[in-house]
Amino acid sequence: MPPRGTRAPDGHRGRERKVLNGPVGGLAAALSLLAVVLLAVGGLHGVSRLLRVSAQPLSAVPFGSGLEPAEHAVSRFHVRWYTVTMLFLAFDMEMVFMYPWTRVVSAVGPGAVIEMFVFLGILFAGVTYAWREGALRWT
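Cut-off values and rules
- Residues numbered from 1 in each chain as written.
- Predicted model: local features only at pLDDT ≥ 70, side-chain atom pairs only at ≥ 80, totals over all residues.
- Heavy atoms only, no water.
- Helix = DSSP H or I, 4+ residues; strand = E, 2+ residues; numbered from the N terminus.
- Buried < 20%, exposed > 50% of the residue type's maximum accessible area, 1.4 Å probe, protein only.
- Areas by Shrake-Rupley, 256 points an atom, 1.4 Å probe, with all protein chains shown as cover.
- Axes fitted to C-alpha atoms, helices over the stretch in contact; angles between N-to-C directions.
- Parallel < 35°, antiparallel > 145°, perpendicular 65-115°, else oblique.
- Left-handed = near helix turned anticlockwise from the far one by under 90°.
- Contact = heavy atoms within 4.5 Å.
- Nonpolar A, V, L, I, M, F, W, Y, C, P; charged D, E, K, R; others polar.

**Some thoughts on the overall build of the protein**
From N to C terminus, the protein includes 3 helices and 0 strands. Listing each helix as α and each strand as β along the protein from the N terminus yields α-α-α. When burial is assessed residue by residue, the protein has 9% of its 139 residues classed as buried. Accessible surface computed for the protein: about 12,600 Å², of which carbon and sulfur atoms make up 68%.

As structure tokens, this is what we get:
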């Protein structure tokens, strides 16, 4: 302990301060934080149980613009929907690749323009094939 009237290494006069930075102090802080989080989660759960509307589920609810359901919600779709879905995903991926391309086309130069037109040509060939095979006809 330093002599009276002088400052201790931590900047305080007189008595030394105890600092809990060992394994016991860290464990106590972690347990305190865990207790606070558990109390908060428990309190929110209790409030949600008090404020909920009804615990009884409804027997049948309308879907599809408020109409009464005529078939099960997980019914099968016509096979042509899958082709249209694949076309949508192909053009969706096209846009994913085109945005970064527009950001770097001036830095890369004419090679980037040629590559993008090759990419668009492949997509156009796929759409032409799907159209020729009748994948886009619904009758």
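Back to the write-up after that little detour.
**Focus: the packing of helix 2 (residues 80-108) against helix 3 (residues 110-132)**
Between helix 2 and helix 3, the least distance of the axes is 9 Å, while the angle of their chain directions is 170°. Regarding the angle of helix 2 to helix 3, the classification is roughly antiparallel. Helix 2 and helix 3 meet at a crossing whose hand is left-handed. On helix 3, the residues that touch Leu87, Ala90, Phe91, Glu94, Phe97, Met98, Trp101, Val105 and Val108 of helix 2 are Pro110, Ala112, Val113, Met116, Phe119, Leu120, Leu123, Val127 and Ala130. Counted by class, the contact of helix 2 with helix 3 contains 17 nonpolar, no polar and 1 charged residues.

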